[in-house]
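What follows is each chain in one-letter form.
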Amino acid sequence: SVSEDEFAARLRVLERDNALLTQEVRQLHEKIDSITGGVGRGLWILGGGFIASFVAWIVSGGLSR
């Protein structure tokens, strides 16, 4: 049988481990959100470059050259 002190000690260890895992998951979520935001910005910049190039090509005469 497990004594009350052993049970309380094990419970403290489990609560500490749970708190550490919760903090780690939160940090991973923040990193993923940061990476996702960066990828989104990069895609907008790339798409904007393509649109600007296409508009410049149309303005300079397009297919009539």
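Since this is a predicted model, take the numbers as computed values, not measurements.

In this section: the environment of E4. Assignment of secondary structure puts E4 in helix α1 (residues 4–59). Measuring from C-alpha to C-alpha, the distance between E4 and L43 comes to 58 Å, with 39 residues separating the pair along the chain.

Before going further, it helps to spend a moment on the pattern of salt bridges. Overall, the coordinates contain 1 salt bridge when judged by the stated rule. Here R16 ties to D17 by a salt bridge, and the two come within 3.2 Å at their closest N and O atoms. Looking at R16, the relative accessible area reads 49%, which means it is partly exposed.

Glancing now at a nonpolar patch on the surface. A contiguous nonpolar patch, built from I51, F54, V55, W57, I58, V59 and L63 and spanning about 780 Å² of accessible area, is present on the exposed surface. Checked against the element boundaries, V55 lands in helix α1. You can call V55 partly exposed: its relative accessible area is 44%.

The rules behind these values
- Residues numbered from 1 in each chain as written.
- Predicted model: local features only at pLDDT ≥ 70, side-chain atom pairs only at ≥ 80, totals over all residues.
- Heavy atoms only, no water.
- Helix = DSSP H or I, 4+ residues; strand = E, 2+ residues; numbered from the N terminus.
- Salt bridge = Lys/Arg side-chain N within 4 Å of Asp/Glu carboxyl O.
- Buried < 20%, exposed > 50% of the residue type's maximum accessible area, 1.4 Å probe, protein only.
- Patch = residues over 30% accessible without salt bridge, like charges linked within 9 Å, V, L, I, M, F, W, Y side chains within 5 Å.
- Areas by Shrake-Rupley, 256 points an atom, 1.4 Å probe, with all protein chains shown as cover.

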